[in-house]
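Here is what each chain is made of, one letter per residue.
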Amino acid sequence: MMDAVPALDLAALDPEQAAAVRAPRGPVCVLAGAGTGKTRTITHRIAHLVSAGHVKADQVLAVTFTARAAGELRGRLRDLGLGGEANQVQARTFHAAALRQLKYFWPQVVGDVPWRLIDSKFPIVAQAANRAGLSSATDSVRDLLSEIEWAKASLIAPEDYPAAAAARHREPPYDAQRVAEVYAAYESLKTTPDGLLLDFDDLLLHTAAALEDYPAVAEEFRGRYRSFVVDEYQDVTPLQQRVLGAWLGERDDLTVVGDANQTIYSFTGATPSYLLDFSRRFPEATVVRLERDYRSTPQVVSLANRVIGAARGRIAGTRLQLIGQRPDGPEPIFAEHPDVPAEAAAVASEIRRLVDGGTPASEIAVLYRINAQSESYEQSLTEAGLPYQVRGGEGFFQRAEVRQAVSLLRQAASREDLPEQSTSGESLVTLVRAVLAPVGLTTTEPTGAQARERWESLVALVRLTEELLGQDESLDILGLLRELAARAEARHPPTVQGVTLASLHAAKGLEWDAVFLVGLADGTLPINHVMADDGSVADFAALEEERRLLYVGVTRAREYLRLSWALARTEGARRTRRRSRFLNGVVPDESPASRIAAPVVEAKGIRPTCRICAKPLIGTYATMLGRCRRCPAELDAVLLETLKEWRSEKAEALRVREFVVFTDTTLTAIAEQLPSDDGALQAIPGIGAKKIVQYGADVLAIVASRRRSTSQNRR
Ligand code: ATP
Ligand code: MG
């Protein structure tokens, strides 16, 4: 027996949404701005088609672009009663859907030629670059890889690459002809004596080809899936569109929703033209436009309208003015800071205030342009004792280039031929720079996106070194390595739901109560490579895409929104940066919302102070211990040993690594501070509510028993 799907409550929709939901089977297009309920409309449409008996749940295929967005779709469908075994709607990414289909159809199409999905294209591209006589250094290979990915997603064959790259203003890392050679070599290297190696794009290509060329496959597939839905359709690539076309065949049971003004993946080959031309392709399509914004307060909506109002070009011509539906909320805050560390500290202090005021940390996001920017926020949130998760990228110390850099520093530290004076004090910075140069720390900012990410991470490491030297002039390379290790350890992914740190690209489709848009300086947003050296616009289309990124960012906020930028990268450096050009005419200079130049004191104010000398604490290690590094500690060494023994038993019982229970620094802090209740325990950074529940009783019992034995000894 099938589980019954509850009849849909159309009262939860506005008239336009309901029109899209109720439209008969056939082509439907919802063209609408952020937060107007597009995703809600498609989930309700699916539920409606199923509950009214037009289609069975398992005949619907809903696709989107990221695993996270597909998960969100499945969650919302489940809430509408489409989650049970019998009523499962397939909601997947294009790639996941293609992978499943290809596994099924491969024997019919290719027979017994074995194939394997490759985990990393990198070594194959490196080999291809080598064959073409080009460098196989990491940055070079990454840039070649982005070109190959772009070409494949755009359905451009190797021989057509040079002409296409010129026509689309690509900036290939080498002469386009050479890139084409690498691309061709890459393709041929994937045919091996042991079978075929397929990358993600090959999955899509083979799926489309199987359906296009094998009528039996097409017939079977089309009997199985009858209704298709695409979310975020503005970011479809020609390759994905080809797969969608193959799925459909001659049929037209397709619902698409999207917002051309949120197109942010053009650099990968995505294009909003399929969305914008939908009604030309399907003249009988039901087209619905939505203008009511249900996500954000009128204050946020008004800012979003102003940001996108300044956009120019064909895409911009399709925008609609959003109308905020929610009750009033606070005005967005604009803040300028002298440097990035001050900006990060101020953001952490605001987040602390929101959390103390009752906003759950999981309802807060810090969004930035490139992943490397997360480092400053990982640091400031750690110092403020706030849990966080880095989404859509890796935490700073897990990044390949950072791990590589730290290992090179370790090698340098073990070299015996280095004169001592070059490994400490001022010259330590010079040494670090020299060691990091081969990994990609050039003196000027590189232009390629990948190279820029790496470069920013390396600059962040140099900045950390300078900062640590500021606290301790005599710091040497071993001390630096110790501090880096302590920081990496202190930041292991928290077990509790924390503040989200994500790039703007990874934030698409999602929403939070409070959003911090950080690093809004020219050169970061818009990113530097869209501008020529003299600051003029080098690439108009790319500049408009940067503006759309800001629009995506602003429209993620339900209520609280803070936009900030810094005038210098590091503390004390020259203030050469300017606020993002996208904020000109958008920041209401006369309004009370414009809190330009938030005072640094406020930022410093949140820093906890040393419990011994009462000075503000600087650095993760000091914050976790609750005292300056140099201040004498009253460490109970016996207690620390007992705690460590307890920890290893615990870790073994739970089958986790020891630091997952508590880090060394946290145990040291416990052994110094001797907490006697949950409150005192929770005041130690690194110990959140979840850890209290899991381990609080054990730890307090160990501390109490140690107290008793020491006081007996004293008696
Ligand atoms: P984006 O462009 O960012 O993907 P979207 O158009 O897909 O946005 P949704 O995520 O579907 O928007 O909706 C935004 C928020 O508004 C969600 O929290 C949703 O539940 C709510 N919402 C949508 N429509 C309505 C409605 N008719 N009544 C009440 N709330 C609504
Ligand atoms: Mg959506």
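All values derive from a computational prediction rather than experimental measurement.

Here is what the cut-offs are and how they apply
- Residues numbered from 1 in each chain as written.
- Chains lettered and ligands numbered in written order.
- Predicted model: local features only at pLDDT ≥ 70, side-chain atom pairs only at ≥ 80, totals over all residues.
- Heavy atoms only, no water.
- Helix = DSSP H or I, 4+ residues; strand = E, 2+ residues; numbered from the N terminus.
- Buried < 20%, exposed > 50% of the residue type's maximum accessible area, 1.4 Å probe, protein only.
- Contact = heavy atoms within 4.5 Å.
- Areas by Shrake-Rupley, 256 points an atom, 1.4 Å probe, with all protein chains shown as cover.
- Near = heavy atom within 4 Å.
- Polar contact = N/O pair within 3.5 Å; in protein donor to acceptor, adjacent residues only side chain to side chain.
- Phe/Tyr/Trp six-rings, centres within 6.5 Å; stacked < 30°, edge-to-face > 60°.
- Lys NZ or Arg CZ within 6 Å of the ring centre and 35° of its normal.
- Axes fitted to C-alpha atoms, helices over the stretch in contact; angles between N-to-C directions.
- Parallel < 35°, antiparallel > 145°, perpendicular 65-115°, else oblique.
- Nonpolar A, V, L, I, M, F, W, Y, C, P; charged D, E, K, R; others polar.
- Pairing = 2+ DSSP bridges.
- Core = buried A, V, L, I, M, F, W, Y, C linked by side-chain atoms within 4.5 Å.
- Domains from an automatic or database assignment.
- Left-handed = near helix turned anticlockwise from the far one by under 90°.
- Salt bridge = Lys/Arg side-chain N within 4 Å of Asp/Glu carboxyl O.
- Expected span 1.5 Å × (residues − 1).
- pLDDT = per-residue confidence, 0-100.

Caption draft 1: Quick peek at the overall build of the protein chain. When helices and strands are tallied, the protein chain shows 28 helices and 17 strands. For the protein chain, the residues scored as buried account for 53% of the 715 residues in total. Put simply, of all contacts in the protein chain between residues at least 6 apart along the chain, 77% involve residues at least 24 apart. Total accessible area computed for the protein chain in this model is approximately 31000 Å², and 51% of it derives from carbon and sulfur atoms.

Caption draft 2: Quick peek at the site of ligand 1. Close to ligand 1 lie 20 residues, the nearest being K38, Q262, R295, E511 and R556. For ligand 1, an oxygen atom lies 2.6 Å from a polar atom in the side chain of K38. Within the side chain of R556, an N or O atom sits 2.8 Å from an oxygen atom of ligand 1. Protein contact buries 85% of the 640 Å² of open area that ligand 1 shows by itself.

Caption draft 3: Inspection of the packing of aromatic side chains at higher detail. Summed over all chains, the structure comprises 16 aromatic pairs. Look at W106 and W115: their rings are 5.4 Å apart centre to centre, the planes differ by 40°, and that puts the pair in the tilted class. For W106, a relative accessible area of 5% gives the class buried. Ring geometry for F221 and W247: centres 6.4 Å apart, planes at 20°, overall stacked. In this pair, F221 is assigned in helix α10 (residues 215-224) and W247 in helix α11 (residues 238-248), connecting sequence segments 26 residues apart. Relative accessible area serves as the criterion here: at 2%, F221 is assigned to the buried category. Residue class for W247 comes out buried when judged on its relative accessible area of 0%. Ring-pair connections join several aromatic residues into one group, and the members of that group are F65, F94, F221, Y225, F228 and W247. The cationic tip of R224 hangs over the ring face of Y225; the distance from NZ or CZ to the ring centre is 4.5 Å.

Caption draft 4: Here's a closer look at the packing of helix α14 (residues 298-309) against helix α21 (residues 540-554). Across the interface, α14 lies against α21 with an axial gap of 9 Å and an inter-helix angle of 175°. The angle between the axes of α14 and α21 places the two elements in the roughly antiparallel class. Between α14 and α21, the residues in contact are V300, L303, A304, V307 and I308 and R547, R548, L550, Y551 and V554, respectively. Tallied by class, residues from the contact of α14 with α21 come to 8 nonpolar, no polar and 2 charged.

Caption draft 5: Representation of the sheet that holds strand β12 (residues 333-337). Taken in spatial order, the 6 strands line up as β12-β17-β16-β13-β15-β14 in an open sheet, and their pairing is parallel. Bordering the open sheet on either side are β12 and β14 (388-391), each of which pairs with just one other strand. For this sheet, the mean inter-axis angle between neighbouring strands, taken without regard to orientation, is 20°. As judged from the 4 bridges shared by β14 and strand β15 (residues 499-503), these two strands associate in the parallel manner. Across the sheet, the residue bridging to V390 is L501, located in β15.

Caption draft 6: Local environment of the sheet that holds strand β3 (residues 90-93). In spatial order, the strands read β3-β2-β7-β8-β1-β9; together these 6 strands make up an open sheet with parallel pairing. Two strands bound the open sheet, and with one partner strand each, they are β3 and β9 (286-290). Adjacent strand axes in the sheet meet at a mean angle of 15° when their direction is disregarded. Sheet analysis places strand β1 (residues 28-32) next to strand β8 (residues 254-258), joined by 4 bridges and oriented parallel. Of the residues in β8, the one forming a bridge with V30 is V257. Each of β1 and β9 is contacted by helix α1 (residues 15-22), which is oriented at about 155° to β9, the strand it contacts most.

Caption draft 7: Up close: the nonpolar core. Of all hydrophobic cores here, the largest spans 46 residues; its most connected members are L367, L517, L550, V554, L561, L563 and L583. Broken down by secondary-structure element, the contributors of at least two residues to this core are α14, β13 (364-368), β16 (512-517), α21 and β17 (557-566). Counting the residues that make up this core, at least three belong to each of domain 1 (10-105 + 202-290) and domain 3 (323-395 + 492-583). L550 has contacts with V307, L517, L520, L525, L563, F582 and L583, leaving out every residue within four places of it along the chain. Counting 38 residues, the second-largest nonpolar core is a separate cluster that includes V217, F221, L239 and A260.

Caption draft 8: Broad picture of the packing of α1 against helix α2 (residues 38-51). Running from N to C, α1 and α2 cross one another at 45°; their axes reach a closest spacing of 8 Å. Classed by the angle they form, the pair α1 and α2 counts as oblique. Seen along the crossing, α1 lies across α2 with a hand that is right-handed. Counting all contacts with α1, which are made through Q17, A20, V21 and R22, the residues of α2 involved are T41, H44, R45 and H48. Residues belonging to the contact of α1 with α2 are distributed by class as follows: 2 nonpolar, 4 polar and 2 charged.

Caption draft 9: Quick peek at the side chain of T43. Tracing the chain through its elements places T43 in helix α2. Within the structure, T43 has its side chain in polar contact with the backbone oxygen of R40 (distance 2.9 Å). Beyond its immediate chain neighbours, meaning those up to four positions away, T43 contacts L73, R76, L77 and L80.

Caption draft 10: Quick look at the pairing of strand β2 (residues 60-64). Within β2, 5 of the 5 residues are buried, which leaves it mostly tucked inside the rest of the structure. Taking every second residue as pointing to the same face, both faces of β2 are buried, with V60, A62 and T64 on one and L61 and V63 on the other. Direction of pairing for β2 relative to strand β7 (residues 227-230): parallel, over a ladder of 4 bridges. Across the sheet, V60 pairs through a bridge with S227, a residue of β7.

Caption draft 11: Inspection of the pattern of salt bridges at higher detail. Counting across every chain of the model gives 35 salt bridges. For R369, the salt bridge is made with E546, and the minimal N-O distance between the two is 2.8 Å. Note that R369 is positioned in the loop between β13 and α16 (374-383) and E546 in helix α21, a separation of 177 residues in sequence. The exposure class assigned to R369 is buried, which follows from its relative accessible area of 14%. Here E546 falls in the buried class, since its relative accessible area comes to 5%.

Caption draft 12: Structural context of α14. Taking 1.5 Å per residue, 12 residues should reach 16 Å; α14 reaches 16 Å between its end C-alpha atoms and fits that length. Along α14, the positions that sit buried rather than exposed are Q299, V300, V301, L303, A304, N305, V307 and I308.

Caption draft 13: Region of interest: the environment of D58. In this structure, D58 sits in the loop between α2 and β2. Once the C-alpha coordinates of D58 and N87 are considered, the two residues, 29 residues apart in sequence, prove to be 6.5 Å apart. Once you skip the residues sitting within four places of it in the chain, D58 turns out to touch Q88, R224 and Y225.

Caption draft 14: Molecular detail of the confidence of the model for the protein chain. Residues of the protein chain with pLDDT of at least 70 account for 90%, and the chain-wide mean is 85. In the predicted structure, residues 591-605 sits below a pLDDT of 50 and forms 32 contacts with residues beyond four places in sequence or in another chain.

Caption draft 15: The arrangement of the pairing of β12 in detail. Of all 5 residues that make up β12, 4 are buried, and the element is covered over most of its length. Across 5 bridges, β12 lies against β17 in parallel orientation. In the sheet register, I333 faces β17, and the bridge partner there is R562.

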